[in-house]
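# Report on the structure
Each chain, letter by letter, is given below.
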Amino acid sequence: MESPPPHLLLFPYPAQGHMLPHLDLAYQLSLRGITLTVLVTPKNLPLLNPLLSDRRSIHALVLPFTPHPKLPPGVEHVRDIGNAGNVAIISALSSLRLPLARWFASHPNPPVAILSDFFLGWTLDLANELGVPRIAFFSSGAFVTSVNDFCFRNIESVRRASATAVELPDLPGAPSFREEHLPSIFRLYKESDPDWEIVKRGMLGNMASWGCVFNTFDHLEGQYLEHLRRRIGHGRVFGVGPLNLIGVEDLSGRGDVGAGDGGGSDVLGWLDGCPDGSVLYVCFGSQKLMSKEQMEALASGLQTSGTRFVWVVKAPTAEQAEEGYGAVPDGFAARVAGRGRVVTGWAAQVLILGHRAVGGFLSHCGWNSVQEAVVAGKVALAWPMEADQFVNARLLVEDMGVAVRACEGADTVPDPDELGRRIAETAREDLPARARAQELRRKALDAVKPGGGSSWRGLDELVKELGQLQKR
């Protein structure tokens, strides 16, 4: 009698940059015969709809979100509070340990493993309690994971280091970073704070897990994947990206949370009338709201650059708008009419970046945006602000040469004339980074080729390992 397919519990973290690649991974695992249960809280269940309607082997487990004193009532997703709410959300989700253990105990065919987001490292303790392996899923890159791991293992020495040069001698190339450019999840860590101790224990637990899965590929981060294999001491470190190339196939609504003016077909139609590679796409992710001064500087830089552009602006609340956050300067749209479009709220980023008319991407360098730029073969104009973005920007600018620096810092107000010059330079057809970006795109496509690609093989190896767990 043939044994049933392996059953796996997936536990994504409720932030757009974490959840989209995790669900892309779920899609690929289901195509390879794995039965999946995806754990979400009630307000995040709609995010599973594309998967649940397409794949019969994927099921939802909905557990109630535990209230937390630092979270407003009803918040279950980072988009509703911003990155400042991450630690409280991680802490709140750790309260699901007992109900999840009860679910495992009552299930007729319990999962053979837990594959959970790297922000949910506390699930390692749960997995050990249940006697199943825990696999850490990294929606971020292997470089920033290596940086995070070094910092959390060496908290005292890193914090004693010079603010201008924190050295990381264990990593390939022995890089150094300014203290303010280290990942926020480490930089903001508060010793002895109960919520932060959950984060720290989880980060250390990631490297103690049975396996690690990364949304990256060998040509982009092979040296860091190999570093992590040596650091962990086994080969169960899988590069399986870029997952957005092989995820859920309908890209038109990717990441849409139902806010904003859409900016989809209207902008795409406008792009159809623009020359190849002539448009700069400007977007700083789903969380960042810029100050009045930053908005004015960016608007001025775009105007003086003379470059065509599509600028996606996060919609502010009424209170934020009154304070000047997120407001496009009065009269700007009229001044750039014909060569610039402003979209408020959500836009079809994957489709826009993939359009032949788009040549560059002014970005905060969040990992999902990095992957989407790479897949589209577009030059990035880097303005890192927080989280993993400074490390990602360094990877693109210094390691890969597919990006140029525009600005840096969450509160920095750039010089408009200098920003305008950099935007104009990025639009040059003979810019060396353009050719390198196209080559990196080819390498990304090669990585996910069925059969021979490094990431395709990584997925196959992961599924083979899961099959071995099923036979235990």
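All figures in this text were calculated on a predicted structure; none of them were measured in a lab.

So, on to the sheet that holds strand S9 (residues 237-239). Pairing is parallel in the open sheet, where 7 strands are placed in the order S3-S2-S1-S4-S5-S8-S9. Every interior strand has two partners, whereas the edge strands, strand S3 (58-62) and S9, have only one. Taking each pair of neighbouring strands and ignoring which way they run, the sheet shows an average axis angle of 20 degrees. Its contacts with the sheet put helix H20 (residues 454-470) on strand S1 (7-11), strand S4 (113-117), strand S5 (134-138), strand S8 (211-214) and S9, and the angle it makes with S9 is roughly 140 degrees.

Moving on to helix H6 (residues 142-153). Here H6 spans 16 Å end to end across 12 residues, near enough to the 16 Å set by a 1.5 Å rise per residue. With respect to burial, H6 is a largely interior element, 11 of its 12 residues being buried. Within the sequence span of H6, burial applies to Ala142, Phe143, Val144, Thr145, Ser146, Val147, Asn148, Asp149, Phe150, Cys151 and Phe152.

What follows concerns the pattern of salt bridges. Considering all chains together, one arrives at 23 salt bridges under this definition. Among the salt bridges present, the one from Lys70 reaches Asp195, with a minimum N-O distance of 4.0 Å. With Lys70 in the loop between S3 and helix H3 (86-94) and Asp195 in helix H9 (residues 194-207), this pair connects stretches of sequence that are 125 residues apart. For Asp430, the salt bridge goes to Arg428, with nearest N and O atoms at 2.9 Å. Classification of Arg428 as partly exposed rests on a relative accessible area of 38%. The network of salt bridges with shared partners includes Asp149, Arg153, Asp170 and Arg231.

This part is about the nonpolar core. Across soluble globular proteins, you tend to see nonpolar side chains buried next to one another. Grouped together as the largest cluster of nonpolar side chains are 82 residues, with contacts concentrated most on Tyr13, Leu93, Leu100 and Val147. For this core, the element with the highest residue contribution is H6, accounting for 7 residues. Apart from residues no more than four positions distant in its own chain, Leu93 is found in contact with Phe11, Tyr13, Pro14, Thr41, Phe65, Leu120 and Trp122. Judged by nonpolar contacts, the second largest core, of 33 residues, contains Met19, Phe137, Trp456 and Val463.

So, about the packing of helix H10 (residues 218-232) against helix H17 (residues 389-400). Between H10 and H17, the least distance of the axes is 12 Å, while the angle of their chain directions is 100 degrees. Regarding the angle of H10 to H17, the classification is roughly perpendicular. Mapping the contact onto sequence places His219, Leu220, Glu221, Gln223 and Tyr224 in H10 and Leu395, Asp399 and Met400 in H17. For the contact of H10 with H17, the class distribution of residues is 4 nonpolar, 2 polar and 2 charged.

When you line up the elements, Cys407 lands in the loop between strand S15 (403-405) and helix H18 (416-426). In the structure, Cys407 is positioned 43 residues away from His364 in sequence and 9.5 Å away in space, judged by C-alpha atoms.

Mean pLDDT over the protein: 92, with 96% of residues reaching 70 or higher. Here residues 257-263 is modelled with pLDDT under 50, and outside its nearest four sequence neighbours on either side it reaches 16 contacts, counting other chains as well.

Relative to the elements of secondary structure, Ala163 occurs in the loop between helix H7 (155-160) and strand S6 (166-167). Leave out the neighbours within four places in its chain, and Ala163 touches Arg178 and Glu179.

Between its terminal C-alpha atoms helix H19 (residues 432-447) stretches 23 Å, which fits the 22 Å expected from 16 residues at 1.5 Å a residue. Of all the positions in H19, only Ala433, Arg434, Ala437, Leu440, Ala444 and Ala447 are classed as buried. For H19, the arc enclosing every buried residue in end-on projection is 130 degrees, short of the 170-degree limit, so these residues lie on one face.

Cut-off values and rules
- Positions within a chain are numbered from 1, following the residues in the order the chain's sequence is written.
- Totals for whole chains, interfaces and linings use every residue, but because this is a predicted model, local features are given only for residues with pLDDT of at least 70 and side-chain atom pairs only at 80 or more, for both listing and counting.
- Working from all heavy atoms in the structure, the side-chain values ignore hydrogens and water.
- Here a strand pair is declared whenever DSSP counts at least two bridges between the two strands.
- Where helices and strands are cited, they refer to DSSP runs of H or I of at least four residues and of E of at least two residues respectively, numbered from the N terminus.
- Lines fitted to the C-alpha atoms define the axes, with helices restricted to the stretch that makes contact. Angles between their N-to-C directions range from 0 to 180 degrees.
- When checking whether two residues touch, look at their non-hydrogen atoms; a contact exists if any pair is within 4.5 Å.
- Expected helix span is taken as 1.5 Å per residue step, with the number of steps being one fewer than the number of residues.
- The classification of residues rests on relative accessible area computed with a 1.4 Å probe and restricted to protein chains. Under 20% of the type maximum is buried, over 50% is exposed, and intermediate values are partly exposed.
- Salt bridge, as used here: a side-chain nitrogen of Lys or Arg that lies within 4 Å of a carboxyl oxygen of Asp or Glu.
- Nonpolar cores were defined as sets of buried Ala, Val, Leu, Ile, Met, Phe, Trp, Tyr and Cys residues, with membership established by side-chain atoms within 4.5 Å.
- Working rule for angles: under 35 degrees goes down as roughly parallel, over 145 as roughly antiparallel, 65 to 115 as roughly perpendicular, anything else as oblique.
- Note that Gly is not counted as nonpolar here; it falls among the polar residues with everything else outside the nonpolar set of Ala, Val, Leu, Ile, Met, Phe, Trp, Tyr, Cys and Pro and the charged set of Asp, Glu, Lys and Arg.
- Note on scores: pLDDT gives the predictor's confidence for each residue, bounded by 0 and 100.
- Within this analysis, the arc is defined by the directions that extend from the helix axis to the C-beta atoms.

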